[in-house]
Amino acid sequence: MSTVRFAVGDRVRVKEECPGGNPRTPPYARGRIGTVIAYHGTIENPLDHRDVYPPLYSVEFTLGDVGGAEPAATVVADIHDEWLEPAPAENEGGETRGS
Amino acid sequence: MSAGHPHMQDFEGHVEAVAADYEYFRRKRIEPRVLLYLRRGIIGWSDLFTGHEQAGPPSPVETSGDLEARIRALEDSLDEMVRAIGTVTAGIRLANHDVPIDDNRRERGDYNPEFRLASRTYEGDLESRIAQLETAIAETRHLIDAFTRALVERGEVTEAALEENRKRLSSIGYRNGARIVARAWVDPDFKRRLIETGREAVRELDIPPGRLGKLGVAENTEDIHNIVVCTLCSCYPHDLLGDPPWWYRTDEYKQRIISDPRKMIEEMFGWRVPPERRIVVHDSTSDVRWMVLPRRPEGTEHLSEEELADLVTPESLVGAMEIPPP
């Protein structure tokens, strides 16, 4: 997988599950929509895991969106490409970023 | 053990911390590793029994001295146990088997609670809990010794490689992070390279950069306070900065940081993040391991780079506290 599917600023949705994919996506982020804030490329990390995982993005979620108490705070999770899909277009306001 | 945690002021807090961290290392770092190697046939039960005989019975526990001395000795024996685990697991490559870290995460149930080892509780009065922990740590230490001997006997590791690894690990610590931070404070070009290239930049300080994926550096500013966690396990750039403080590995920290980081920081570390400062939590997921670049305290303009490094605390590298002015 060599194409970079998402750009910084894109809205993405994390899949609920990813059969056959790597296990490194935190449960609170699954099914949630966030914003790509960094692209890390493909990271070789053979001491950590056997296969080379797909390209990695930093995705920022507002804490309110992942069940947290403080709406303004955010959590940034590093999530591999196989777990991500474009966020569906928002109905209100016609926002279509990332779709 | 770490300063700054309000619990650390009293005996109860110290013993509570030893129990929590001992359970973490027992249930996550060593017992699953032994089970995994048995499961894979890397070692056999008979190797462990032989190792047990060679190691002799667990060393008797020194129980004299006042409470404070015993607690200090308990903490030292835990530190020594942690070092022994690191020596035989961290960065060690077996001769005939490839066992990346994630295999151990699966074995210990990070992705499937059914695999998690039962946790023990330590009850009774303070002295009785201390005695239970003294025995428990000695027993685990014995298991580590038997396990290590088994691997040597099987030709999976050599004594020389273990000794080299022990030396390597003892040279790694938060002090590396303190030097990195101090350099970034005095040299803006270095700071830029650090944030852009991570591990590559630390070579400039003659610090071994480590090999566990990419290093992420989150810079604190007047407007943003960064704090690091690993909610899935306890990833940290430990191959560069050493092990993080013990509370980093606790479930309490991992859970509360996502639900209410501001309140968690105030209640666990006694620091109120200025209300106008936005909090950003960085969740390390193994391929990028994060450290925080804390803010340089005021009134430090006259300090040398080395003096600045002395101000940096392990807590500040995670983002749990700010560095107070000297």
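Everything numeric here is computed off the predicted structure, so don't read it as measured data.

Novice: Quick question: what am I supposed to make of the pattern of salt bridges here?
Specialist: If charged atoms from side chains of opposite charge come close, those side chains can pair. With the rule as written, the count across this model stands at 39 salt bridges over all chains. We note a salt bridge from A:R13 to A:E85, for which the minimum N-O separation is 3.2 Å. Here A:R13, found in strand 1 (residues 11–14), pairs with A:E85, found in strand 5 (residues 84–86); they are 72 residues apart in sequence, far enough to count as distant. Close ionic contact of B:R277 with B:E322 constitutes a salt bridge, the shortest N to O distance being 2.8 Å. Taken as a pair, B:R277 in the loop between helix 12 (261–269) and strand 3 (278–283) and B:E322 in the segment after helix 14 (314–318) lie far apart in primary sequence, 45 residues in all. Taking the relative accessible area as the measure of exposure, B:R277 reaches 6% and is therefore buried.

Novice: For this particular structure, what's the right way to read the side chain of B:R108?
Specialist: Within the secondary structure, B:R108 sits in the loop between helix 4 (101–107) and helix 5 (126–153). Beyond its immediate stretch of four places on either side in the chain, B:R108 contacts B:Y24, B:R27, B:K28, B:R29, B:P32, B:F115, B:R116 and B:C233.

Novice: Would you mind showing me how to read the interface of chain A and chain B here?
Specialist: The extent of an interface is frequently quoted as the accessible surface area lost upon association of the parts. Taken together, the contact pairs 32 residues of chain A with 37 residues of chain B. Of the roughly 2800 Å² buried where chain A meets chain B, counting both sides, 49% is carbon and sulfur surface. Summed over the three residues of chain A that lose the most area to chain B, namely A:R24, A:L47 and A:D48, the buried surface amounts to 26% of that side. On inspection of chain A and its partner chain B, the count reaches 6 salt bridges. Measuring nitrogen to oxygen at the nearest pair gives 2.8 Å for the salt bridge that ties A:R50 to B:D103. Where chain A meets chain B, there are 23 residue pairs in polar contact (both at pLDDT 80 or more). Going through the elements one at a time, strand 3 (56–62) and strand 4 (74–80) of chain A are the ones with two or more residues in the side of chain A that touches chain B. For the side of chain A that touches chain B, the element with the most residues is strand 4 of chain A, which contributes 6 residues. Of the residues belonging to the side of chain A that touches chain B, the class tally is 17 nonpolar, 8 polar and 7 charged.

Calculation criteria
- Throughout, a residue's number is its position along its own chain's written sequence, starting from 1.
- Going through the entries in the order they are written, you letter the chains from A and number the ligands from 1.
- Local features in this predicted model are restricted to residues of pLDDT 70 or higher, and side-chain atom pairs are both shown and tallied only at a pLDDT of 80 or more, whereas totals for entire chains, interfaces and linings draw on every residue.
- Only heavy atoms go into the side-chain values, all of them from the structure, while hydrogens and water stay out.
- Whenever Lys or Arg places a side-chain nitrogen within 4 Å of a carboxyl oxygen from Asp or Glu, that contact is recorded as a salt bridge.
- Numbering of helices and strands runs from the N terminus, with a helix taken as a DSSP run of H or I at least four residues long and a strand as a DSSP run of E at least two residues long.
- In this scheme, a residue with accessible area under 20% of its type's maximum is buried, one over 50% is exposed, and one in between is partly exposed, where area comes from a 1.4 Å probe on protein chains only.
- The contact criterion used is simple: two residues touch if any of their non-hydrogen atoms lie within 4.5 Å.
- A simple way to read buried area is as the amount of 1.4 Å-probe accessible surface that goes missing from two parts once joined, with both sides added.
- Within 3.5 Å is the distance limit for a polar contact, defined as a pair of N or O atoms, with the added protein rule that one can donate a hydrogen and the other accept it, and that residues adjacent in sequence qualify only through two side-chain atoms.
- The nonpolar class holds Ala, Val, Leu, Ile, Met, Phe, Trp, Tyr, Cys and Pro. Asp, Glu, Lys and Arg form the charged class, and all remaining residues, Gly among them, are polar.

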